[in-house]
Amino acid sequence: MMGPASELICGGYPQGTQPYERFLLSPSAWGQLPAALMQEPAMALLGIWADSAQIHACFLHESSGEAVLASTPVTGGYYAALSPARPGAVRFERMILELWGHHAEGAVDLRPWLDHGRWPLRHPLAAKPIPFSGEPPQPEFLPVEGDGIHQIPVGPIHAGVIEPGHFRFSVQGEVVVRLEQRLGYKHKGTLSLMFGTSPRAAVRYAARLSGDTTVAHSWAFSAAVEAALDVAPPPRALHLRALMLELERIHNHLNDWGFICNDAAFAFPHARCGFLREGVLRAIAAAFGHRLMMDRVLPGGVAPDIAPRGAEAILAALDAVEAEIPALMQIYEAHASLQDRMVTTGFLRPELARGFAAGGHVGRASGRDFDARRLPQNHPYPVLAFDVPVLEAGDVDARLRIRVAELGQSIALVRQLLTNLPAGELMAPLPVRAGEGVAMIEGFRGECLHWVRLDDGGLIRGIFPRDPSWLQWPLLEAAIEDNIVADFPLCNKSFNCSYSGVDL
Amino acid sequence: MLWPKLARALFAKPLTDEAPLLPRETIQALGERLAATSRARLGRSLAIREVDSGSCNGCELEVNALQNVAYDLERFGLRFVASPKHADVLLVTGPACLNMREALERALASTPEPRWVVAVGDCAVDGGVFKGSYAVENGIGAVLPVDLLIPGCPPSPAQLLEGLLSLLEAEAAKK
């Protein structure tokens, strides 16, 4: 069933992107897109990015799980903003203005985001960047009105061992009236470093977009390259990728489970989860030679192969995790002091989760049932058995419960994968030619979306890696509203968004 | 369910690993650095402030792992603190992102002397894969006076522990 936005997009010129088509729209057709999107709420916006001449957006039909891309040429430095119709567009439009210099006409918000006025140039990804020197401007925050409101500035350096970012709380007494995030402190110019390199050279940047999601991002980038070049990695490589992806989910979910409880000053689950996770990481190191599995997924396949005793080590570590989950969950549920902090805290309304197309535990704890592992092209998942837990409660407790339920599913998936590991090659050769591909791989936070365009020499001419955090960070601002300041760490950890992943 | 578990843990074998063997050269080099700058002695306990200057967060995962029960950093007298004002060591991860420069400088200015600055991970050492980007000044040595480099992408908790214990040993060796 096609809505007005789908019809508008499919009326454009197909550009041959694989496996989802990208349609080029005239500026006037693109200009009708916001109104059409308002009439088709099930058309979710997954991301917007640019190149030096065009704007690109990726949409998902929520009912069918099919994605489609739309593009439009930038005329005179302007394009029509999508933020009036899709709130998730706001930060992308701010980023596009800073990195490429394209203005979103009619945008909800175009204040600086990644560019803090400290780089030697402006619009670093534009055809002609402008040299810049001068005093960095003071950040502007949205106004807050009311009696007795005061502000608490936090960061960029936080109290814990975590990534840098600034949070501006406007509070009335103990209650947070508004939280505004200011990120971009970790901007490393990752996209500019990937341009003009070969996929084999660029994958190390995908692996370091967000270190905790190194497998998912490496896979999403590699899958986009493979789609562009019509290459199918060998079955053994795909199985090993899925194995690593599930192990990444397991170690991160264990980490988050412990840390969320720790942020409510309940240390026991933190100690146990930390120990179990360490066991998993050591098994991973024994199997793949790196505790986080960095640089193991490469375009075309994986390298190196799993070590001879690797499977044994992994299964033993996971047996220990599985054996302890029920007892840990029982302790979690049996302590009223802990439950009091978790239940109803940081409530994210399901309509907001849908409106922003939030993925991962953030979306699935608020009723949005999407998991990229169910996409038909994401082999080997179509032949594996697993459930995707979904809850409606939308609070810190629900986000924790989604993680615990996913732990069980991932452990079962690892066993299936190790039992049925096909023999054979690990790497398919990559032809040198032009192509364009897009891929979505379900990391522990949600789907990692990568778009890649290669030129005739097989070098990268267009790239955008979209971390799931892009659509989750703004929802943290909504979830903390009307909560007390002291519950912010809990809410924040229950989201656990990546800073590096969105700072690029 | 919790109390019986805690009671059993009291009588069970510890889950903590043995302390690692320390590289003599590193301790000697650090000792010479201490002597050369004739710094006051900090003693056998160090308070560490971790600052992320733009890492991919891989280093943070491993620094956090140092605090799990297998490594149990605090048994050595090493602990993480919430403010550079309470710290003897600034432990910095990530390349020197231009957007973090002022925050790094302020963190250093807030850290009382005598102090150590430790660069953790390939990015902090020389920019790592982000070397040459318009948005970074390569290693954090561009902004801070670095005393000890712990390379790795990311360095494992065992490597981190080795480096941090070498600081303690160097302090102990100084007359």
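Bear in mind the structure is a predicted one, so any value in this text is a computation, not a measurement.

Turning to the sheet that holds strand β5 (residues 148-150) of chain B, a few remarks are in order. Residue and element names in this part refer to chain B. One open sheet holds the 5 strands; their spatial order is β2-β1-β3-β4-β5, and the pairing between them is parallel. What marks the edges here is a single partner per strand, and that holds for β2 (78-80) and β5. Here the strands of the sheet are splayed against their neighbours by 25 degrees on average, with no regard to which way each runs. Across 5 bridges, strand β3 (residues 89-93) lies against strand β4 (residues 116-120) in parallel orientation.

Glancing now at the packing of aromatic side chains. Residue and element names in this part refer to chain A. Following the criterion strictly, the structure yields 15 aromatic pairs over all chains and no others. An angle of 65 degrees between the planes, with centres 5.1 Å apart, marks the rings of Phe-167 and Phe-488 as edge-to-face. In this pair, Phe-167 is assigned in strand β11 (residues 166-172) and Phe-488 in helix α16 (residues 488-495), connecting sequence segments 321 residues apart. The class of Phe-488 is buried, set by a relative accessible area of 8%.

What follows deals with the pattern of salt bridges. Charged atoms that come close allow side chains of opposite charge to pair. Overall, the coordinates contain 42 salt bridges over all chains when judged by the stated rule. Measuring nitrogen to oxygen at the nearest pair gives 2.6 Å for the salt bridge that ties B:Asp17 to A:Arg282. Residue B:Asp17 is found in the loop between α1 (2-11) and α2 (24-37), and its partner A:Arg282 is found in helix α9 (residues 267-288); the two belong to separate chains. Its relative accessible area of 26% is what places B:Asp17 among the partly exposed residues. B:Glu137 is the salt-bridge partner of B:Arg101, the closest N and O atoms lying 2.6 Å from each other. In this pair, B:Arg101 is assigned in helix α4 (residues 101-110) and B:Glu137 in the loop between α5 (122-126) and β5, connecting sequence segments 36 residues apart. Looking at B:Glu137, the relative accessible area reads 26%, which means it is partly exposed. Look at the salt bridges and you will find they share partners, linking A:Glu246, A:Arg249, A:Arg364, A:Asp371, A:Arg373, A:Glu406 and A:Glu442 into a network.

Another point: the sheet that holds strand β16 (residues 447-454) of chain A. The strands that make up a sheet pair up through hydrogen bonds in the backbone, lying either parallel or antiparallel. Residue and element names in this part refer to chain A. Across the sheet, 3 strands lie side by side as β15-β16-β17; this open sheet has antiparallel pairing. Edge positions in the open sheet fall to β15 (435-442) and β17 (460-466), since each of these has one partner strand only. Taken over all neighbouring pairs, the strand axes of this sheet differ in orientation by 10 degrees on average, direction set aside. In this sheet, β16 lies alongside β15 in antiparallel orientation, the contact comprising 8 bridges. Opposite Glu-442, over in β16, you have Glu-447 as the bridge partner.

Attention now moves to the domain arrangement of chain A. One widely used convention gives an interface's size as the accessible area the parts lose upon coming together. Residue and element names in this part refer to chain A. Each assigned domain of chain A is listed here: domain 1 (4-131) and domain 2 (214-467). Between the C-alpha centres of domain 1 and domain 2 the distance comes to 28 Å. Taken together, the contacts link 27 residues of domain 1 with 19 residues of domain 2. For the pair domain 1 and domain 2, the two sides together bury roughly 1800 Å², of which 65% comes from carbon and sulfur. Looking at the side of domain 1 facing domain 2, the largest losses of area belong to Tyr-20, Leu-46 and Trp-49, adding up to 29% of the total buried there. Inspection of the domain 1/domain 2 interface yields 3 salt bridges. Glu-436 is paired through a salt bridge with Arg-22; the nearest N and O atoms lie 2.5 Å apart. Counting only elements with at least two residues in the side of domain 1 that touches domain 2, the list comes to β3 (43-50), β4 (54-61), β5 (67-73) and α4 (89-100). With 6 residues, β3 is the single largest residue contributor to the side of domain 1 that touches domain 2. Grouping the amino acids of the side of domain 1 that touches domain 2 by side-chain chemistry returns 15 nonpolar, 8 polar and 4 charged.

Residues and elements named next belong to chain A. Of note, Ser-469 is situated in the loop between β17 and α15 (473-480). On the basis of relative accessible area, Ser-469 is assigned to the buried category, the value being 0%. Among the polar contacts made by the side chain of Ser-469, one reaches the side chain of Asp-467 at a distance of 2.7 Å. Within polar-contact distance, the side chain of Ser-469 engages the backbone nitrogen of Ser-498 at 2.8 Å.

With 17 residues, helix α6 (residues 157-173) of chain B extends 24 Å between its outermost C-alpha atoms, agreeing within 8% with the 24 Å of an ideal straight helix rising 1.5 Å per residue. For α6(B), every residue scored as buried is listed here: B:Pro157, B:Leu160, B:Leu161, B:Gly163, B:Leu164, B:Leu165, B:Ser166, B:Leu167, B:Leu168, B:Ala170 and B:Glu171.

What follows is about unusual backbone geometry. For residues besides glycine, phi is generally negative; the peptide bonds are generally trans as well. All names here are of chain A. The omega torsion across Gln-18 and Pro-19 is -10 degrees, close enough to zero to call that bond cis. Position of Pro-19 among the secondary structure elements: in the loop between β1 (13-14) and β2 (22-24). Put simply, Ala-303 and Pro-304 share a cis peptide bond, and its omega is -5 degrees. Within the element layout of this structure, Pro-304 appears in the loop between β14 (301-302) and α10 (310-334). In the Ramachandran plot, Asp-295 falls in the positive-phi region, its phi being about 65 degrees despite a non-glycine side chain. Tracing the sequence through the fold places Asp-295 in the loop between α9 and β13 (297-298). With a phi angle near 55 degrees, Ala-357 is a residue other than glycine that sits in the positive phi range. Mapped onto the elements of the fold, Ala-357 is located in the loop between α12 (350-355) and α13 (360-364).

Cut-offs and rules
Residues numbered from 1 in each chain as written. Chains lettered and ligands numbered in written order. Predicted model: local features only at pLDDT ≥ 70, side-chain atom pairs only at ≥ 80, totals over all residues. Heavy atoms only, no water. Pairing = 2+ DSSP bridges. Helix = DSSP H or I, 4+ residues; strand = E, 2+ residues; numbered from the N terminus. Axes fitted to C-alpha atoms, helices over the stretch in contact; angles between N-to-C directions. Phe/Tyr/Trp six-rings, centres within 6.5 Å; stacked < 30°, edge-to-face > 60°. Buried < 20%, exposed > 50% of the residue type's maximum accessible area, 1.4 Å probe, protein only. Salt bridge = Lys/Arg side-chain N within 4 Å of Asp/Glu carboxyl O. Domains from an automatic or database assignment. Contact = heavy atoms within 4.5 Å. Buried area = accessible area lost by both parts, 1.4 Å probe. Nonpolar A, V, L, I, M, F, W, Y, C, P; charged D, E, K, R; others polar. Polar contact = N/O pair within 3.5 Å; in protein donor to acceptor, adjacent residues only side chain to side chain. Expected span 1.5 Å × (residues − 1).

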